[in-house]
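Listed below are the residues making up each chain.
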Amino acid sequence: MLKAFADCFKIPELRKRILFTLFILALCRVAQIVNTPGINVEALDQAFETMRQNQAGTSGGILGMFDMFTGGALQRFAVAALGIMPYITASIIIQLLTPIYPTLERWKREGETGMQKINQWTRYLTLLICIVQGFMAAKAMENPNILPGVDLGPNVSFVYNPGLGFELMTVIILTCGTMILMWLGEQITDRGIGQGASLIITVGIIELAPSAIGNMWTLYQTAGTSDTNFGLIHVLILIALFLLVTAATVALTVGVRKIPIQYARTMSVGRQGGKAPSSFFPLRVNYASVMPIIFAQALLMFPPFLIGIMAGTDWLSWAVVFEPLFTHGTVPYMVIYALLLILFTFFWVSNQFNTVQIADDLKRNNAYIPGVRPGKPTADFLDWSMTRVTMFGSLYLVALALFPMIIVTQMPIDFMIASFFGGSSLIIIVGVMLDTMRQAESHLLMHGYDTFSEKGRLRGRGRY
């Protein structure tokens, strides 16, 4: 495997793509570090540390999770404090509207030209979402107590000079920061290696790993000197859990069900007929990859902030009754999260896995599934098989996603540490890294180099 990594830099095109990707990711990190003007960064950082200690509250979950997806930019209230999530949210909305509006459906069938139109409208919607979320973020900095589960005392503000001027400036800066991240992500997808938006999120998550390790080391050192009972046995259990959950995440990502494919018999020169070659069609257990996680997280991040702002007004104070539904770590939150994961998994598969087109391609290439007639019966068989595989994969995904919330209640660790033991963080990291390795592997195979796996291509990640 190490030799394969070294070989990546021997291919000029691949080396150029890797270096370009690293350069763009470095620019993204700059946007996640530079602070927005007018913010008391020291007070904001102290408030975040205080809120993280409240594991039962929304602040320790929603804000901590939002900060994780922005690579710590929210805690600094940096230029990229909104992160790439408004773009992801806009993509969700466009995906949901595509089957409803004939215009979007027609654009989707037009190929590259139609996708350019869809991407353009996605950018417009991203701009609108950034303006709304930027204004909400500015109000939250002026009065953080409007956030659900946050109580920092009276007259608390992280802004030196609150008012309309600060709000307009913040909306403009945060909107520009997200639009720049969106553009940089598109540049990675087109000219680099890997999926741009997913890589930006992944780098932001990995950036918090040293802090999580430091927090765990602090808990171990303070064991016996504080109320926290975190000894060597807990460290060993966490290491074992991390290895098991990582292995389970990899298994979910690369797992496939092999559907046998038989090709029609070919005639060779002479009297003897050629032997019909056989192959298989892989149905991925986690065909949707990290998209259900990103979709569900993007949707669940928005309601708590909206509820907090609505609860701060007299005529919308009734919205506070919905706060328990979106309190991170509670049973209602887990149920909603699980249902969204299952829903988005099937939604993504139904939109991306076209059984009719696959059946037509097999028929056109003189291929068939043994025991199944070509055409519509093949499409129905693939749809039935993929539905069963997707159901198992979605339940597997739910179990991994909910695992960090469970261990937080069972062990004396905070959300930052638990987020690396399954959940969205580990699933995104594994999924994005394997997908990026798959793209690099295709370049290695094209130029005759050894791949990352000793037995050939990384199993279960090939597509028809």
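Residues numbered from 1 in each chain as written. Predicted model: local features only at pLDDT ≥ 70, side-chain atom pairs only at ≥ 80, totals over all residues. Heavy atoms only, no water.

### Side note on the overall build of the chain
Reasoning step 1: Each helix and strand counted, the chain has 18 helices and 3 strands in total.
Reasoning step 2: Counting all 464 residues of the chain, 51% fall into the buried class.
Reasoning step 3: For the chain, the proportion of contacts with a sequence separation of at least 24, taken over those separated by at least 6, is 72%.
Reasoning step 4: When the accessible surface of the chain is totalled, it reaches about 22,800 Å², and 64% of it is carbon and sulfur. (Helix = DSSP H or I, 4+ residues; strand = E, 2+ residues; numbered from the N terminus. Buried < 20%, exposed > 50% of the residue type's maximum accessible area, 1.4 Å probe, protein only. Contact = heavy atoms within 4.5 Å. Areas by Shrake-Rupley, 256 points an atom, 1.4 Å probe, with all protein chains shown as cover.)

### Looking at the side chain of threonine 378
Reasoning step 1: Inspection of the secondary structure assignment puts threonine 378 in helix α16 (residues 376–410).
Reasoning step 2: Among residues more than four places away in sequence, those in contact with threonine 378 are Ala359, Leu362, Ile369, Val372 and Arg373.

### Quick word on the state of the cysteines
Reasoning step 1: In this structure the tally under the stated criterion is 0 disulfides.
Reasoning step 2: Free cysteine cysteine 130: the closest other cysteine sulfur is in cysteine 176, separated by 9.3 Å. (Disulfide = S-S within 2.5 Å.)

### Here we look at unusual backbone geometry
Excluding glycine, residues mostly have negative phi values, and the peptide bonds linking residues are mostly trans.
Reasoning step 1: With a phi angle near 50 degrees, phenylalanine 77 is a residue other than glycine that sits in the positive phi range.
Reasoning step 2: Secondary-structure assignment places phenylalanine 77 in the loop between α5 (73–76) and α6 (85–97).
Reasoning step 3: Phenylalanine 77 gets classed as buried once you look at its relative accessible area, which sits at 1%.

### Structural notes on the pattern of salt bridges
Reasoning step 1: Counting across every chain of the model gives 11 salt bridges.
Reasoning step 2: In this structure, the salt-bridge partner of lysine 139 is glutamate 142, at a minimum N-O distance of 4.0 Å. Of the two residues, lysine 139 and glutamate 142 both sit in helix α8 (residues 112–142), 3 residues apart, roughly one turn of that helix.
Reasoning step 3: One continuous salt-bridge network, built from bridges that share partners, spans Arg29, Arg76 and Glu207. (Salt bridge = Lys/Arg side-chain N within 4 Å of Asp/Glu carboxyl O.)

### Topic: the packing of helix α9 (residues 164–191) against helix α10 (residues 196–207)
Reasoning step 1: With their axes 7 Å apart at the nearest point, α9 and α10 run at an angle of 115 degrees to one another. Relative to α10, the element α9 lies roughly perpendicular. For the pair formed by α9 and α10, the contact residues are Leu181, Gly185, Ile188 and Thr189 on the first element and Gly196, Ala197, Leu199 and Ile200 on the second. (Axes fitted to C-alpha atoms, helices over the stretch in contact; angles between N-to-C directions. Parallel < 35°, antiparallel > 145°, perpendicular 65-115°, else oblique.)

### Looking at the environment of phenylalanine 381
Reasoning step 1: When you line up the elements, phenylalanine 381 lands in helix α16.
Reasoning step 2: Given a relative accessible area of 22%, phenylalanine 381 falls into the partly exposed group.
Reasoning step 3: Each residue touching phenylalanine 381, except ones within four places of it in the same chain, is listed here: Ile259, Ile369 and Val372.

### Considerations on the nonpolar core
Reasoning step 1: Counting 76 residues, the largest nonpolar core has Ile84, Ile88, Ile293, Tyr337, Leu341, Ile413 and Ile428 as its most contacted members.
Reasoning step 2: Counting residues in each nonpolar core, the second largest holds 16 residues, with Leu44, Leu74, Phe77 and Ala81 among its members. (Core = buried A, V, L, I, M, F, W, Y, C linked by side-chain atoms within 4.5 Å.)

### Overview of the packing of helix α12 (residues 232–254) against helix α18 (residues 423–446)
Reasoning step 1: Close contact between α12 and α18 brings their axes to 10 Å; oriented N to C, the two are set at 50 degrees. The angle between α12 and α18 places the two elements in the oblique class. Every pair of crossing elements has a handedness; the one defined by α12 and α18 is right-handed. In contact with Phe242, Val245, Thr246, Thr249, Val250, Thr253 and Val254 of α12, α18 contributes Leu426, Ile427, Val430, Gly431 and Leu434. (Left-handed = near helix turned anticlockwise from the far one by under 90°.)

### Quick notes on the packing of aromatic side chains
Reasoning step 1: Under the counting rule described, the total for this entry stands at 7 aromatic pairs.
Reasoning step 2: On the numbers, 5.9 Å between centres and 75 degrees between planes, the contact of phenylalanine 392 with tyrosine 396 is edge-to-face. Within this pair, phenylalanine 392 and its partner tyrosine 396 are both found in helix α16, separated by 4 residues, close to a single helical turn.
Reasoning step 3: Look at phenylalanine 392 and you get exposed, because its relative accessible area is 52%. (Phe/Tyr/Trp six-rings, centres within 6.5 Å; stacked < 30°, edge-to-face > 60°.)

### Re helix α15 (residues 355–364)
Reasoning step 1: Taken together, the buried positions of α15 are occupied by Thr355, Ile358, Ala359, Asp361 and Leu362. Around the axis of α15, the buried residues are gathered within 160 degrees of arc, so they sit on the same side. Exposed positions of α15 whose direction lies more than 90 degrees from the buried face are Lys363 and Arg364.
Reasoning step 2: Measuring from the side-chain oxygen of the N-cap residue of α15 to the backbone nitrogen of valine 356 gives 3.2 Å; that N-cap residue is asparagine 354.
Reasoning step 3: Just downstream of α15, asparagine 366 is the residue with a positive phi angle, here 55 degrees. (Arc of directions from axis to C-beta. Polar contact = N/O pair within 3.5 Å; in protein donor to acceptor, adjacent residues only side chain to side chain.)

### Quick word on the confidence of the model for the chain
Reasoning step 1: Across the chain, pLDDT averages 80, with 83% of residues at or above 70.
Reasoning step 2: Across the chain, the secondary-structure element scoring lowest on mean pLDDT is helix α4 (residues 58–69), at 57, and the one scoring highest is α9, at 92.
Reasoning step 3: Segment residues 55–60 is flagged for pLDDT under 50; beyond a separation of four residues in sequence, or across chains, it makes 22 contacts in the model.
Reasoning step 4: Low confidence marks residues 267–271, where pLDDT is under 50. Its contacts with residues over four positions away, or in another chain, come to 4 contacts. (pLDDT = per-residue confidence, 0-100.)

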